[in-house]
Amino acid sequence: MDSRGAPPSWWRLELVCPPELEESLLWKLPILGIRRVALQHRPEAPEQRRLLAWLPACDWPEIQRSELAATLAPLAEPFGLPFPELQWHHQEEEDWNLSWKQHWQADPVGERLLVLPAWLEPPEEHADRLVIRMDPGSAFGTGSHPTTRLCLEALEQMAAGRGGSLAGLRVADLGCGTGVLGLAALRLGAASVAAVDTDAVAVRATAENACLNGLDGPLQVALGSLEVLEELLEARPADLLLCNILAPVLEAFAPGFTRVLAPGGEGLLSGLLVAQAPRLEGALAAAGWTAALAAREERWGLMTLRATADVA
Ligand SMILES: C[S@@+](CC[C@H](N)C(=O)[O-])C[C@H]1O[C@@H](n2cnc3c(N)ncnc32)[C@H](O)[C@@H]1O
């Protein structure tokens, strides 16, 4: 019930989302207090997904909704795109519950992983997969975004290359979001994960998801960035670095990666557009890293990272 005793109702915001804008929107909306967000695949146009977001109607009167449109519009400018039209649909409480949850299904990733909404049991056909339980609606990273999937698949392949397990590896998760990458690493056998994020919502979501999976022992999470990660690792850099953040941020991190990734260790960097790979490779090379584009999905790329001294 709202303060007037009426049952709560919701706005469902829909927009056709070009791939270039997905990451910025999934990042920006939670910052604006909009955390119930889903990306819907459109089989008729796989390159263009629909973004859905649910906003409590009482908090989002018309003036706020117009302001939201004005706040989001500049996100399209760096790509030279028009911002897509925002469509607003009114929904009652029961519909909201149904429509919100129906967008979150068991999501098999690669050969071995299953990202599972907290309220579902693993479907029988996926009973042998390693389950990562997620309570979505909090922070970015439920496995549905290509950049997250690329990292999850690369983790699985890395485990396959080591006899099926990441056993013994100490992992650093920089920009952990929901914690999905670190949790997947632990499911694949990693020894421990140190995770950080500059967004307090993400830090809380990671801590909650670690508990949900019974992995709050080996996973430590804190608010902050590279410096805090270094502290969490107790100045013993990790064997594996996971970082799914936009390319300009990855570029800025390049000289600092030595503080969190041990000599002989490997990094998996996602969050870059394939078109941004050459520039990022150059910046990483200048900082002593050998990076190579190892996988792509749609326009997104995944890079592997090693210290150049290890490669030579
Ligand atoms: C694209 S999301 C990735 C989330 C999750 N790791 C995944 O792969 O799905 C990027 C995350 O990095 C965080 N972030 C952005 N800039 C950061 C920085 N400078 N230091 C640490 N975290 C940062 C954001 O708050 C966000 O949660």
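A quick note: this is a predicted structure, and the numbers were derived from the prediction, not measured.

A word on the pattern of salt bridges. Counted under the stated rule, the structure contains nine salt bridges. Among the ionic pairs, D107 bridges to R149, the shortest N-O distance being 3.0 Å. Linking D107 in strand 5 (residues 107–109) with R149 in helix 4 (residues 146–161), this pair joins segments that are 42 residues apart in sequence. Just as D107 is buried, R149 falls in that class too. The partner of E266 in a salt bridge is R306, and the shortest N-O contact between them spans 3.0 Å.

What follows covers the packing of helix 4 against helix 5 (residues 180–187). Two measures define how a pair of helices packs: the angle their axes make with one another and the distance between the axes. Relative to each other, helix 4 and helix 5 sit at 15 degrees, their axes nearing to 10 Å. With respect to helix 5, the element helix 4 is oriented roughly parallel. The two elements helix 4 and helix 5 meet at a crossing, and its hand is right-handed. Side by side, helix 4 and helix 5 meet where T148, C151, L152 and L155 of the first sit next to V180, L181, A184 and A185 of the second.

Time to look at helix 1 (residues 19–31). Owing to its 3.6 residues per turn, the α-helix brings residues three or four apart onto one side. The largest bend in helix 1 comes to about 30 degrees, at L25. Counting buried positions over the 13 residues of helix 1 gives 10, a clear majority of the element. Of all the positions in helix 1, only P19, E20, L21, E22, E23, S24, L25, L26, L29 and P30 are classed as buried. Positioned one or two residues after helix 1, G33 has a phi angle of 90 degrees, which is positive.

We now examine the confidence of the model for the protein. Counting all residues, the mean pLDDT for the protein is 87, and 88% of those residues have values of 70 or more. Predicted confidence in the protein is weakest over helix 3 (residues 93–102), with a mean pLDDT of 60, and strongest over strand 8 (residues 170–174), with 98. Predicted confidence for residues 1–7 stays below pLDDT 50, and this span has three contacts to residues more than four positions away or in other chains.

Moving on, we come to unusual backbone geometry. Even without being glycine, E234 reaches a positive phi, approximately 55 degrees. The topology assignment puts E234 in the loop between helix 7 (226–232) and strand 11 (238–244). A relative accessible area of 67% means that E234 is categorised as exposed. For A235, which is not glycine, the phi torsion reads 60 degrees and is therefore positive. Along the chain, A235 turns up in the loop between helix 7 and strand 11. Classification of A235 as exposed rests on a relative accessible area of 58%.

A word on the site of the ligand. Taken together, 19 residues lie around the ligand, and T148, G175, D197, S225 and N244 are the ones closest in. In the model, a nitrogen atom of the ligand is placed 2.9 Å from a nitrogen or oxygen of the G175 main chain. Contact between the ligand and S225: a nitrogen atom at 2.8 Å from a side-chain N or O atom of the residue. Across the complex, the protein chains shield 93% of the 600 Å² of accessible surface that the ligand would expose by itself. Of all the elements in the fold, those that place two or more residues in the shell around the ligand are helix 1, helix 5 and helix 8 (247–253). Residues belonging to the shell around the ligand are distributed by class as follows: eight nonpolar, eight polar and three charged.

It is worth spelling out the side chain of S225 at this point. One can find S225 in the loop between strand 10 (219–223) and helix 7. By relative accessible area, which is 19% here, S225 ends up buried.

To continue, consider the environment of P117. Along the chain, the position of P117 falls in strand 6 (residues 113–117). According to the relative accessible area criterion, P117 is buried, its value standing at 4%. Non-local contacts of P117, meaning those with residues more than four positions away in its chain, are made with W104, Q105, A106, R133 and M134.

Cut-offs used in this document
Residues numbered from 1 in each chain as written. Predicted model: local features only at pLDDT ≥ 70, side-chain atom pairs only at ≥ 80, totals over all residues. Heavy atoms only, no water. Salt bridge = Lys/Arg side-chain N within 4 Å of Asp/Glu carboxyl O. Helix = DSSP H or I, 4+ residues; strand = E, 2+ residues; numbered from the N terminus. Buried < 20%, exposed > 50% of the residue type's maximum accessible area, 1.4 Å probe, protein only. Axes fitted to C-alpha atoms, helices over the stretch in contact; angles between N-to-C directions. Parallel < 35°, antiparallel > 145°, perpendicular 65-115°, else oblique. Left-handed = near helix turned anticlockwise from the far one by under 90°. Contact = heavy atoms within 4.5 Å. Bend = angle between axes of the 7 residues up to and from the residue. pLDDT = per-residue confidence, 0-100. Near = heavy atom within 4 Å. Polar contact = N/O pair within 3.5 Å; in protein donor to acceptor, adjacent residues only side chain to side chain. Areas by Shrake-Rupley, 256 points an atom, 1.4 Å probe, with all protein chains shown as cover. Nonpolar A, V, L, I, M, F, W, Y, C, P; charged D, E, K, R; others polar.

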